[in-house]
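Next come the chains, spelled out residue by residue.
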Amino acid sequence: MVVLDNNDRKGKLFTAFMSILMKDMRAYYLKPPNISWGLLFPLVWTGMFFVKSGMGSENILSLLPGMVSISILFGTTSMLAVTVTFERKAKAFERLLLAPVPLGLLMFAKTSGAILFGIFNAFVPFLIGFILLTDFSAFVWEAIVPAVILIAAVSTFLAMFIAVSVSEVFEAQTFSNFFRFPMMFLCGLFFPVSELPDFLQPLSFLLPLTYGTDILHGAIAGNNMMPLSFDFLMMLLFILLLFVLALRNIHRKWVM
Amino acid sequence: MSEAHIRVSGLRKSFGDVTAVDGISFDVMDGELFGFLGPNGAGKTTTINMLTGLARPDAGTITVGGIDCTNKMKSAQHLIGVVPDESNLYPELTGYDNLCFCGGLYGMRSSERKGRAVELLELFGLAGVAERKFSGYSRGMKRRLTIAAGIMHSPPILFLDEPTTGIDVQSARLTREILQELHRSGTTIFLTTHYIEEAERMCDRIAFMVNGLVVRVDSVSNLVKPVEGREVVQASVLGTEVPDLEILGDLFPDYGIGRAADGGIRIESTGKIDVGVVVRVLEDQGFDVAEVKRTALSLEDVFIRITGLEAGVMNK
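Residues numbered from 1 in each chain as written. Chains lettered and ligands numbered in written order. Predicted model: local features only at pLDDT ≥ 70, side-chain atom pairs only at ≥ 80, totals over all residues. Heavy atoms only, no water.

### Notes on the overall build of chain B
Then comes step 1: Check the secondary structure of chain B and you find 11 helices and 14 strands.
Then comes step 2: When the backbone C-alpha atoms are referred to their principal axes, chain B occupies close to 75 × 45 × 40 Å.
Then comes step 3: Buried residues in chain B amount to 52% of all 316 residues.
Then comes step 4: A sequence separation of at least 24 residues applies to 67% of the contacts in chain B between residues at least 6 apart. (Helix = DSSP H or I, 4+ residues; strand = E, 2+ residues; numbered from the N terminus. Buried < 20%, exposed > 50% of the residue type's maximum accessible area, 1.4 Å probe, protein only. Contact = heavy atoms within 4.5 Å.)

### Section: empty space enclosed by the protein
Then comes step 1: Inspection of the entire model under this criterion finds 4 cavities of 30 Å³ or more.
Then comes step 2: As for the second largest cavity, its lining consists of Arg 95 and Leu 98 of chain A together with Gly 81, Val 82, Tyr 106, Ala 149, Gly 150 and His 153 of chain B.
Then comes step 3: Where the lining of the second largest cavity is concerned, the elements lending two or more residues are helix H4 (92–98) of chain A together with strand E6 (80–83) and helix H5 (139–150) of chain B.
Then comes step 4: The residue makeup of the lining of the second largest cavity, split by class, is 4 nonpolar, 3 polar and 1 charged. (1 Å grid on protein atoms, 1.4 Å probe; cavity = no way out; pocket = protein on both sides within 12 Å on 5 of 7 lines; lining within 4 Å. Points joined across faces, edges and corners; volume = space filled by probe spheres on them. Nonpolar A, V, L, I, M, F, W, Y, C, P; charged D, E, K, R; others polar.)

### Comments concerning the pattern of salt bridges
Then comes step 1: On inspection of all chains with the given rule, the structure shows 21 salt bridges over all chains.
Then comes step 2: Here Arg 26 of chain A makes a salt bridge to Asp 97 of chain B, at a shortest N to O gap of 2.8 Å. Separated into two different chains, Arg 26 of chain A in helix H1 (residues 6–29) and Asp 97 of chain B in helix H3 (residues 95–105) make up a pair that spans both.
Then comes step 3: Since its relative accessible area comes to 17%, Asp 97 of chain B is described here as buried.
Then comes step 4: In this structure, a network of salt bridges that share partners links the residues Lys 23, Asp 24, Glu 87 and Lys 110 of chain A. (Salt bridge = Lys/Arg side-chain N within 4 Å of Asp/Glu carboxyl O.)

### Quick word on the sheet that holds strand E9 (residues 205–210) of chain B
Backbone-to-backbone hydrogen bonds pair the strands of a sheet. The strands run either parallel or antiparallel.
All names here are of chain B.
Then comes step 1: What the 6 strands build is an open sheet, ordered E6-E7-E8-E3-E9-E10; its pairing is mixed. Each end of this open sheet is capped by a strand with a single partner; those strands are E6 and strand E10 (213–219). On average, each strand axis in the sheet is tilted by 15° relative to the strand beside it, whichever way the strands run. (Pairing = 2+ DSSP bridges. Axes fitted to C-alpha atoms, helices over the stretch in contact; angles between N-to-C directions.)

### A few points about the packing of aromatic side chains
Then comes step 1: Overall, the coordinates contain 29 aromatic pairs over all chains when judged by the stated rule.
Then comes step 2: Between Phe 139 of chain A and Trp 141 of chain A the ring centres are 5.7 Å apart and the planes differ by 50°, which places this aromatic pair in the tilted class.
Then comes step 3: For Trp 141 of chain A, a relative accessible area of 30% puts it in the partly exposed group.
Then comes step 4: A network of ring pairs unites the aromatic residues Phe 123, Phe 126, Phe 136, Phe 139 and Trp 141 of chain A as a single cluster.
Then comes step 5: Seen from the ring of Phe 101 of chain B, Lys 23 of chain A lies directly overhead, with NZ or CZ sitting 5.5 Å from the centre.
Then comes step 6: Lying across the ring of Phe 134 of chain B, Lys 142 of chain B places its NZ or CZ 5.7 Å from the centre. (Phe/Tyr/Trp six-rings, centres within 6.5 Å; stacked < 30°, edge-to-face > 60°. Lys NZ or Arg CZ within 6 Å of the ring centre and 35° of its normal.)

### Some thoughts on the pairing of strand E2 (residues 18–29) of chain B
All names here are of chain B.
Then comes step 1: Note that strand E1 (residues 4–15) and E2 share 9 bridges and pair antiparallel. Among the inter-strand pairings, Lys 13 is bridged to a residue of E2, identified as Val 21.
Then comes step 2: Taking the residues between adjacent antiparallel strands as the criterion, E1 and E2 are bridged by 2 residues, where Gly 16 takes a positive phi near 65°.

### A closer look at the domain arrangement of chain B
Then comes step 1: Under the domain assignment used here, chain B contains domain 1 (4–225) and domain 2 (229–296).
Then comes step 2: Centre-to-centre separation of domain 1 of chain B and domain 2 of chain B, based on C-alpha positions: 42 Å. (Domains from an automatic or database assignment.)

Below, the structure written as structure tokens:
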């Protein structure tokens, strides 16, 4: 029997990880319609809010955190929830489950493409701000970049959780909206959580995007409502929780 | 064939109130071509899913290549290739890209998997459509590529679930030839099928599975031994009336008389059956004999005897 040493094993797992990631990038995320959708969606949202806010470049600073968050959230959830459900339906996902790759690594590989796609989406609003000559000098990029990555990760794992919970592609879309639209309203994207009715405010703090957007508000305009360290901690906890929940559901529902 | 490559003991799986697999045990030896034979719904696919890691057993143990799959399934998956009953490759990728991707899942290096993909596309007669998307393949081509994907990483153990079901004759023949070649080269093959002739022609040993139970495991030669030299004559008559088996039994006390699947009579004997006498007796009783055929007993007859299932149930 072939016995793999530890380095061999790690090398093979890395190859498997990259194969899944590159296959997904080629098959889904780098397809021209998806790239254009990834550009179009943030462009339209940013343009819409920019016009509504009076078109002053100073307004971009208050719009950017919400725009970045919403672009990532919609980009990742739309793609991953649908592609995983589609592969599951076509039984292609079984091929992944049959591979000698630990389930956690397999799902991380599967979600990495969506995370990268989310990060790509996030920088479209920044590009628009750059074109509109927004002053980026006060931006704390050391906080913005990890915040973008964390928002992309948490949105992707939410999408994975959704994908595991449904069996049809159309259900993936409708179930995604069940989370996405309340988050647009409740997570302080375009107005502070403190302006929400009192009875809704506790709900905001149960949603991961509240913390991610708060980091962006702090890093872009200095108006975060919670300490950034607390926001980062909460984001990491949500990422862990969603990943573990999704894996548990996969074990329970897909490896029956 | 020296040691057990796959060892299954007390394997059980239920879905709600339905027991799909009911405490089965068997061994598959190193280098053996092992057939798993049973009608649809017997529990074959559930068994193969448990052996390959797509389903969790409720009870029992599985050892593959010496690895206990109960807690080390991912380690065992290095050793196995799986060809499921439905093609499960990526419709939007080409045949070549699908194979390269499958190789990547098993950690094959880029140059290694490219070379192997070209080799397999040649072997399976798909070189001409290597750059065509999988969604554009015919059913037979899809099946062949799915088998190629299963052996992409040259696994020492190969599981195939109904590999020739629903495909054209040419693809089925090519598939059988390739399986025989893999068998000759020492690959352990676990083959589920409901084609009895296919199992009889290809397998070293066969397990009969019915209603979640393995009712018999033996070599093909041992299974057919009790019926070797026995002869069967089947006669069908015109009209709606059927011959009375009791009367025929009295007339031919040395023969075994029964009803054939088509409603005619089936006569079985350890010696030679005089067909002329049979026809005359039927005609004397007022029947118009439409057809009489003499056959040797086959594995299908053995299967029917052992399982108690009706003839033709495997084709349903």
